[in-house]
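The chain contents come next:
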Amino acid sequence: MLLREVEYARPSSVEEALRLLAVNDGARALAGGQTLINVMKARAASPDALIDLNGLDELRAIRTGRDGLELGAMATYTQIMASSEVEVTRPIVAEVVGTIADVQVRNRGTIGGNVCSNDPTNHFPPLAAALGAELTIAGPDGERSVSAEDFFEGVYLTAVQPGELLTSVRIPAKGDARDGWSAVTLGKEGTGIVNVAASVADGTARIAIGCVAATPVVVTASADETAIRDAVRSADLDPPADVHASAEYRRHLAEVLAHTP
Ligand SMILES: Cc1cc2nc3c(=O)[nH]c(=O)nc-3n(C[C@H](O)[C@H](O)[C@H](O)COP(=O)(O)OP(=O)(O)OC[C@H]3O[C@@H](n4cnc5c(N)ncnc54)[C@H](O)[C@@H]3O)c2cc1C
């Protein structure tokens with residue numbers, strides 16, 4: 001289906017993008033367009049104007065510093081997979097984005113778009129929650145930092161308010177932690193039925209489960225199979241049932257995948 005007519009602007013700085021968002025309540029940021037353009041074609045979203053962030057090189061940078069990894073919101077999955085900073089500082093990030101969909105989606109899709117759309121089946125929300133990511137949001141009154149646990153608010157809902165932009169995602173350096181990812185998907189590169197990210201440090205596993213609720217479900221447990229299974233069971237998951245999996249099967253997968261990453 002064709003898009004309905006929509007205004008379009010391509011700002012050259014974050015300040016200009018924020019000004020454009022501020023003057024039009026119906027304006028939406030456009031990143032890789034892999035979700036937004038599809039929902040616009042399906043008429044599930046109908047913004048009046050698209051503010052295209054693709055001219056903002058300042059949002060594409062990937063840096064490492066004393067505090068870990070900083071991914072600009074417009075860094076694409078392909079860019080992350082090729083980044084030596086990511087490989088050295090938190091390699092699990094490249095491993096996981098390398099399993100998202102296909103090469104076309106990975107070439108266009110951005111880390112900012114992935115978290116801002118907060119589709120419960122997306123890869124990055126549970127990964128960000130397990131790794132303790134901090135997200136920077138810029139708005140008319142300046143910048144603020146939000147933890148991954150507070151960032152994801154509901155299905156397609158995040159802490160980014162109208163008129164604001166996500167500018168970066170910061171992830172602590174790996175240090176001695178052991179990270180893992182495990183997912184059951186619909187086909188090789190398909191949508192997740194359940195996915196799990198985990199990070200183990202000092203004998204404690206921090207586990208974030210995706211696809212079972214509106215936002216990633218985080219549990220912590222000592223890093224052995226029985227404790228992890230008990231912790232997931234105690235989370236009383238109430239996952240959705242659909243044509244791909246029953247709620248009971250998703251609950252079972254969550255428990256099994258949580259100790260396999
Ligand atoms: C065939 C297909 C299969 C897919 N499978 C998967 C999958 O298995 N796992 C997975 O994780 N993803 C999957 N995706 C989604 C893909 O990862 C998208 O790229 C991602 O969800 C959105 O990123 P984007 O850069 O394309 O954002 P866009 O589509 O441009 O934007 C998405 C939303 O985020 C907002 N937004 C974007 N950037 C910002 C910002 N910096 N500040 C504020 N708001 C912003 C937009 O306004 C929009 O509401 C799939 C997509 C396709 C087409």
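Okay, so let's go over this structure. These numbers were taken from a predicted model, which means no experiment stands behind them.

Attention now goes to the overall build of the protein chain. Within the protein chain one finds 11 helices and 14 strands. Relative to the compact-globule value of 18 Å for 261 residues, the protein chain shows a C-alpha radius of gyration of 18 Å, a close match. With respect to the three principal axes, the spread of C-alpha positions in the protein chain is 55 × 45 × 35 Å. For the protein chain, the residues scored as buried account for 48% of the 261 residues in total. In the protein chain, 22 positive and 35 negative side-chain charges are present, and the distance between their average locations comes to 4 Å.

Turning our eyes to something else, we now look at the nonpolar core. Most often, soluble globular proteins have nonpolar side chains that are buried together. Judged by nonpolar contacts, the single largest core of 36 residues is most densely connected at Leu71, Ile80, Val93, Phe124, Phe151 and Ile171. Among the elements that take part in this core, helix α8 (residues 124-131) stands out by supplying six residues, more than any other. The residues contacting Val93, other than those within four sequence positions of it, are Leu71, Ile80, Val86, Phe124, Leu127, Leu131 and Ile171. Judged by nonpolar contacts, the second largest core, of 21 residues, contains Ile207, Val217, Ala231 and Leu237.

Looking now at the packing of aromatic side chains. Across all of its chains, the model carries one aromatic pair by this definition. Between Phe151 and Phe152, the ring centres sit 5.1 Å apart and the planes meet at 85°, which makes this aromatic pair edge-to-face. According to the relative accessible area criterion, Phe151 is buried, its value standing at 0%.

Once that is clear, we can look at the sheet that holds strand β13 (residues 204-210). Strand order in the open sheet made by the four strands is β11-β12-β13-β14, with antiparallel pairing throughout. Among the strands making up the open sheet, the edge pair consists of β11 (178-185) and β14 (217-222). Taken pair by pair, the neighbouring strands of this sheet meet at an average axis angle of 15°, ignoring direction. In terms of strand pairing, strand β12 (residues 192-201) meets β13 through seven bridges, oriented antiparallel. Bridge pairing in β13 places Ala197 opposite Ala208. In the packing of helix α10 (residues 225-234) onto the sheet, the strands contacted are β13 and β14, and the crossing angle to β14 comes to about 150°. Across the sheet, helix α11 (residues 247-258) touches β11, β12 and β13, and the angle it forms with β12 is around 30°.

On to the site of the ligand, then. With respect to spatial proximity, 28 residues lie near the ligand, and among them Ala29, Leu36, Tyr77, Thr110 and His123 are the closest. One nitrogen or oxygen atom from the side chain of Ser117 is found 3.3 Å from an oxygen atom belonging to the ligand. At a separation of 2.7 Å, an oxygen atom of the ligand approaches a polar backbone atom of His123. When isolated, the ligand has an accessible area of 980 Å², and the protein chains bury 86% of it.

This next bit is on α8. The buried fraction of α8 amounts to eight of the eight residues, a majority that puts the element mostly inside the structure. Of all the positions in α8, only Phe124, Pro125, Pro126, Leu127, Ala128, Ala129, Ala130 and Leu131 are classed as buried. Two residues or fewer past α8, Gly132 is found with a positive phi of approximately 70°.

Before going further, it helps to spend a moment on the pairing of strand β7 (residues 142-147). Where strand β6 (residues 134-139) and β7 come together, six bridges link them in antiparallel fashion. The partner of Glu134 across the bridge, within β7, is Ser147. If you look at the hairpin formed by β6 and β7, you'll find two residues sitting between the two strands.

This part covers unusual backbone geometry. Even without a glycine there, the phi angle at Asp202 is positive, about 50°. Along the chain, Asp202 falls in the loop between β12 and β13. A relative accessible area of 82% places Asp202 in the exposed class. With phi around 75°, Cys211 is a residue other than glycine that occupies positive phi space. Take Cys211: its relative accessible area is 6%, and that puts it in the buried class.

Rules used in this analysis
Residues numbered from 1 in each chain as written. Predicted model: local features only at pLDDT ≥ 70, side-chain atom pairs only at ≥ 80, totals over all residues. Heavy atoms only, no water. Helix = DSSP H or I, 4+ residues; strand = E, 2+ residues; numbered from the N terminus. Rg over C-alpha atoms; globule rule 2.2 N^0.38 Å. Buried < 20%, exposed > 50% of the residue type's maximum accessible area, 1.4 Å probe, protein only. Lys, Arg positive; Asp, Glu negative; His and termini not counted. Charge placed at Lys NZ, Arg CZ, Asp CG, Glu CD. Core = buried A, V, L, I, M, F, W, Y, C linked by side-chain atoms within 4.5 Å. Contact = heavy atoms within 4.5 Å. Phe/Tyr/Trp six-rings, centres within 6.5 Å; stacked < 30°, edge-to-face > 60°. Pairing = 2+ DSSP bridges. Axes fitted to C-alpha atoms, helices over the stretch in contact; angles between N-to-C directions. Near = heavy atom within 4 Å. Polar contact = N/O pair within 3.5 Å; in protein donor to acceptor, adjacent residues only side chain to side chain. Areas by Shrake-Rupley, 256 points an atom, 1.4 Å probe, with all protein chains shown as cover.

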